[in-house]
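# Observations on the three-dimensional arrangement
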Amino acid sequence: MERNERSTPVPGKEKEVDIINIKGIEDIGYVQPDSILLNCLTPEENTGCQHGLYFQDGERRVDYILTYHIKKPSSSRSNRQSSRFTDNAFTRSLRRGTARLGRAPTPQPRGDPEVASQDHSMDYHVDDKRLHREEFEGNLRDMGMELEKDEDTKTPGVGFVKIHAPWHVLCREAEFMKLKMPTKKVYEMKQSTGVGAKINTLVNKVTEPLYPNVEDNRTHNVKHLSYMFSREKQHLFDLSDRDSFFDSKTRASIVFEVLKRTKCTKAKYSMGFTSLLGSGVYTDAYPLHDGDLDGENVEPNDRKLLYEEWASYSVFYKYQPIGLVRKYFGEKIGLYFAWLGLYTQMLIPASLVGVIVFLYGCATVDDNIPSMEICHPKNNITMCPLCDRACSYWKLKEACGTARASHLFDNPATVFFSIFMALWAAMFMEHWKRRQMRLNYEWDLTGFEEEEDHPRAEYELRVMQKSLKKEHKTQKNPTEIAEETTNKWKQTVQSAMAGLKLTEKEKLTCKDRLPAYMTNVVMMLLMIGVTFAIVFGVILYRISTKTALHMSNNPTTRSNVRLTVKTTAAIINLVVILILDEVYGAVARWLTVLEVPKTDKSFEERLIFKTFILKFVNAFTPIIYIAFFRGRLVGRPGSYLYVFESYRMEECAHGGCLMELCIQLSITMLGKQLIQNNLFEIGIPKLKKLIRYIKSKRRSFQEEEREKKLQRYETDHFLEPFAGLTPEYMEMIIQFGFVTLFVASFPLAPLFALLNNIIEIRLDAKKFVAELRRPVAARAKDIGIWYNLLRAVAKVAVIINAFVISFTSDFIPRLVYQYMYSPDGSMHGFVNHTLSYFNVSNFQDGKEPMDPQHQVEMCRYKDYREPPWSNTPYVISKEFWAVLAARLAFVIVFQNVVMLMSDIVDWLIPDIPKDISLQIHKEKILMVELFMKEEQGKIQFIDSMMPCGGKEKRNNHAPIARSRSIPHTHSHTHANNF
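Residues numbered from 1 in each chain as written. Predicted model: local features only at pLDDT ≥ 70, side-chain atom pairs only at ≥ 80, totals over all residues. Heavy atoms only, no water.

## Points about the environment of R404
For the record, the criterion: Starting at the N terminus, helices and strands are each numbered in turn, a helix being any DSSP run of H or I of at least four residues and a strand any DSSP run of E of at least two. Contacts were defined at the residue level, with two residues in contact if any of their heavy atoms lie within 4.5 Å.
Tracing the backbone through its elements, the reader meets R404 in helix α15 (residues 400–409). Between the C-alpha atom of R404 and that of C375, which follows or precedes it by 29 residues, the distance is 8.6 Å. Setting aside its immediate chain neighbours within four residues, R404 contacts V365, D366, S371 and C375.

See below:
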């Protein structure tokens, strides 16, 4: 166990002094006495220490954990290994001096030269990483952090560095990070009055059982006034309990910020924290969970409360404790679950309307005249073969079942539902903006602006390489080459320092990234081409399988050809989509890494955009083909369109392609939700956890005994690392596409999405609480690029639904027939109107049926073409152009009317709730009053301490003092206006 330092460097001083509990300095927040070692307690004496949440003294809390690999010492090197950890200060300083020059440390003398020569190359990398760790940890101590090592754990091969941020570091970093903290000032929140207040009170009483048993979820009438933390104004904040003033989430984020700023500068290249993780100097870094979830004598903690009131399936009907989620995981994760909860709530009315539309289709199927004509027993219409040679003529009444099923999703109510869902999407966007503003107010994020993040390690490395390369070119002349041979050490230091300085000025330009951009374009087009190729392959599968099944001798097989082909093709599409989703995710990350974005935010946004494009194309290309292309590139009997001169393009069923579109949508949507979103999320983390246990070589222990013997930081080490919110958002955005894009063909999509999300919320909650390491809390005031993607999907959904209604369904042809061609204004005769005639003698040689079951002269096919006895046989008829004109007109009218209505909804609903706007304004006034009172208190104190002459002299400068004390965002005049 590494010993604690006996002295603490005072900021601004070069010498180290022993600090012994200087209370006054501690209160200011500049130094913290850490030189006096507290009594080490045994695990039995201190429960917190036993669970690994505290240092060995049982007092200082572990705020962050770094892990590194420990090489297991062999018998031949055990003595050398022990001697390495007992090096004196002179040896360590000598090694650091050599590392500063960019050279490897001089190996220590070995007792056995043969063993030393064998282990030299292996020990070099181990020693190099150890020296980097020593330097980095020394720099952390210089930043004020307190560290404690633990290499004697139940986890073989892993060492742990426990980090604790003392009070003065927390205060300093909170001021640097501009954290808003609650002050002592408390004000009453204005409550609405009138009819609205009574309605809200009634609703709250009715929905009271739906709220979780969490204190943070209760509505409060008072709120603490928040202000950015300042060490000079600590008296404004309630510091009676310093241990709880900065909660564990805030402490971890502060430590993480310090880690990102700390660098190793003694090596040839400056290495930041992320570089150390990437190079293997440290293997993992994570904050600790607050405690255990279950077991005997488990102390109450936020994690346990979240597990019981949020991550349990038994509370699926309750609201989420968003306040507690934000308190434990941070604002960014809190916003995700708040958005997911609102999206799920908004799916309830959409599901109800979708079910009503579906039930309307079920109730009117027997009254639907076109399906009645198809199913009529006296219907003797003979249809042309569905494939060449193997298929025979068939009767139209055989499509009775398909026609009746198509009416369930192809009826006038689906047009209303499409309009409703477009307005629903607009309402959802506006509702979320208002909810987001309310959360920003409640979480003290008003006025928060994201500052530019630290450059990524990969970006810094590329800039360093560019700088050194440029410096190397400018210095290559004969005079400097001669200088280099005479003073090699000086040249090395100068070039390194010049490179470090150039990194501050240099940056990667578009020219530097041009190869990466070209690779991105080529690879994205290639991946999209792969998707199209697979869809084309599935088309060939459907064509060939349909022909093969028609040649079967089994009558049952021949009668269920369409259903068999549709279902199996949809399942194949689903499997391919699931596989390509994983491939495209890896490709998108690789392409983003090639671009070398500067910051983590830029990296995340570029990754999201690429992943969304690839996964969106992957999920919806088969659906778009069925909706808009299938059955339109067929030709006609006697002149069909062929692929590879042998595969005839497939046709839609007589009821249209809407039923097939519905089958493809339902299988893809349900399959992705059940397999990818739920099964993978449950199974893969548990499988990875099992693999980590096996790799730790602790299989001989029973699960319960192992958990009891592990410290908290060891237990968290075996949890799955947090990989970001991108996968969670992505699956919901794709689901949002299924709900809105083709909802005209599948009204039950919102219902299936609702059922999935009810499970998804609890599943994600359990994963975050029990399966994942605790993520570092990140502040955010919105959901970022995801909101723009949602708006884009909602806009595209209006256009796609307009085309689905116009071109995929028979809604427009029915209207055209009813109002232009029907003799009595009814739908009687519509089926016959949509069928054209074909003379079987006009079949191409070798394309007619081999064994026709019916001896016919004329067969019918679905199209608007002239009959064979006309002057222009098989030419597109005028009815086709009338229907096409009506379809295009409907698309234009539908799109403009629905988008206009959406814009009206957007305009009518304000982005900021009125009560929140008033409360924010009230907070500004109270803040000005607070500082005015503070300034007056200072003036009165100075007046009481100064003589009369001094008062007169001070009064001449009092206005200046007052104006300086008021925050620059408010003026004295502005305060008096209220």
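From this point, things continue past the structure.
## Observations regarding the UniProt feature "transmembrane region" (unreviewed entry) in the protein
Heads up, the condition is: UniProt positions are given in the numbering used here, feature names are shortened, and annotations may be inferred rather than shown by experiment.
Residues annotated by UniProt as "transmembrane region" (unreviewed entry) correspond here to residues 336–360, 413–429, 521–543, 563–587, 607–628, 732–755 and 789–812. As annotated, residues 732–755 comprises 67% helix and 0% strand, and the C-alpha atoms at either end are separated by 13 Å.

## A word on the state of the cysteines
Going by this rule: In this description, a disulfide is simply a cysteine sulfur pair whose atoms lie within 2.5 Å. Burial status follows relative accessibility: with a 1.4 Å probe on protein chains alone, a residue under 20% of its type maximum counts as buried, one over 50% as exposed, and anything between as partly exposed.
Evaluation of the coordinates by the stated rule reveals three disulfides. Paired through a disulfide, C375 and C400 show a sulfur-sulfur distance of 1.8 Å. Taking the torsion about the sulfur-sulfur bond, which here is approximately 105 degrees, the covalent link between C375 and C400 counts as right-handed. Of this pair, C375 sits in helix α14 (residues 369–375) while C400 is found in helix α15, placing the two residues 25 residues apart along the sequence. The exposure class assigned to C375 is partly exposed, which follows from its relative accessible area of 23%. C384 shares a disulfide with C859; S-S distance 2.0 Å. Because the torsion about its S-S bond is 85 degrees, the bridge between C384 and C859 counts as right-handed. Placement of the pair is C384 in the loop between β9 (382–383) and β10 (394–395) and C859 in strand β16 (residues 858–862), with a sequence separation of 475 residues.

## A look at the pattern of salt bridges
As a reminder of what qualifies: Just to be clear on terms, a salt bridge is a Lys or Arg side-chain nitrogen sitting within 4 Å of an Asp or Glu carboxyl oxygen.
Taken as a whole and assessed by the stated rule, the structure comprises 39 salt bridges. In this structure, K223 engages D444 in a salt bridge whose closest nitrogen and oxygen atoms are separated by 2.8 Å. Of the two residues, K223 is situated in strand β7 (residues 222–228) and D444 in the loop between α16 (412–442) and α17 (457–475); the sequence distance between them amounts to 221 residues. R774 serves as the salt-bridge partner of D290, at 2.9 Å between the closest nitrogen and oxygen. Residue D290 is found in the loop between β8 (284–286) and α11 (302–309), and its partner R774 is found in the loop between α28 (749–771) and α29 (785–808); the two are separated by 484 residues along the sequence. Judged by its relative accessible area of 12%, D290 falls in the buried class. The exposure class assigned to R774 is buried, which follows from its relative accessible area of 4%.

## Examining the sheet that holds strand β3 (residues 64–69)
Heads up, the condition is: One requirement defines pairing of two strands: DSSP has to find at least two bridges between them. Lines fitted to C-alpha atoms define the axes here, with helix axes fitted over just the stretch in contact, and angles between the N-to-C directions of these axes take values from 0 to 180 degrees.
Spatially, β4-β5-β3-β8 is the arrangement adopted by the four strands of the open sheet, whose pairing is antiparallel. Both edges of this open sheet fall to β4 (146–150) and β8, since each of them pairs with a single strand only. Averaged over all neighbouring strand pairs, the angle between strand axes comes to 20 degrees, with direction disregarded. As defined by bridge partners, β3 adjoins β8 across three bridges and the pair is classed as antiparallel. Across the sheet, the residue bridging to I65 is Y286, located in β8.

## Description of the confidence of the model for the protein
What counts is decided by this rule: Here pLDDT means the predictor's own confidence in every residue, given as a number from 0 to 100.
Averaged over every residue, the pLDDT of the protein is 78; the share at 70 or more is 78%. The spread of mean pLDDT over the elements of the protein runs between helix α1 (residues 23–28), the lowest at 34, and helix α13 (residues 331–364), the highest at 93. When the criterion is pLDDT under 50, residues 1–48 qualifies, and its contacts beyond four places in sequence or with other chains add up to 69 contacts. Predicted confidence is poor over residues 957–978, with pLDDT under 50, and the contacts of this stretch with residues over four places away or in other chains come to 14 contacts.

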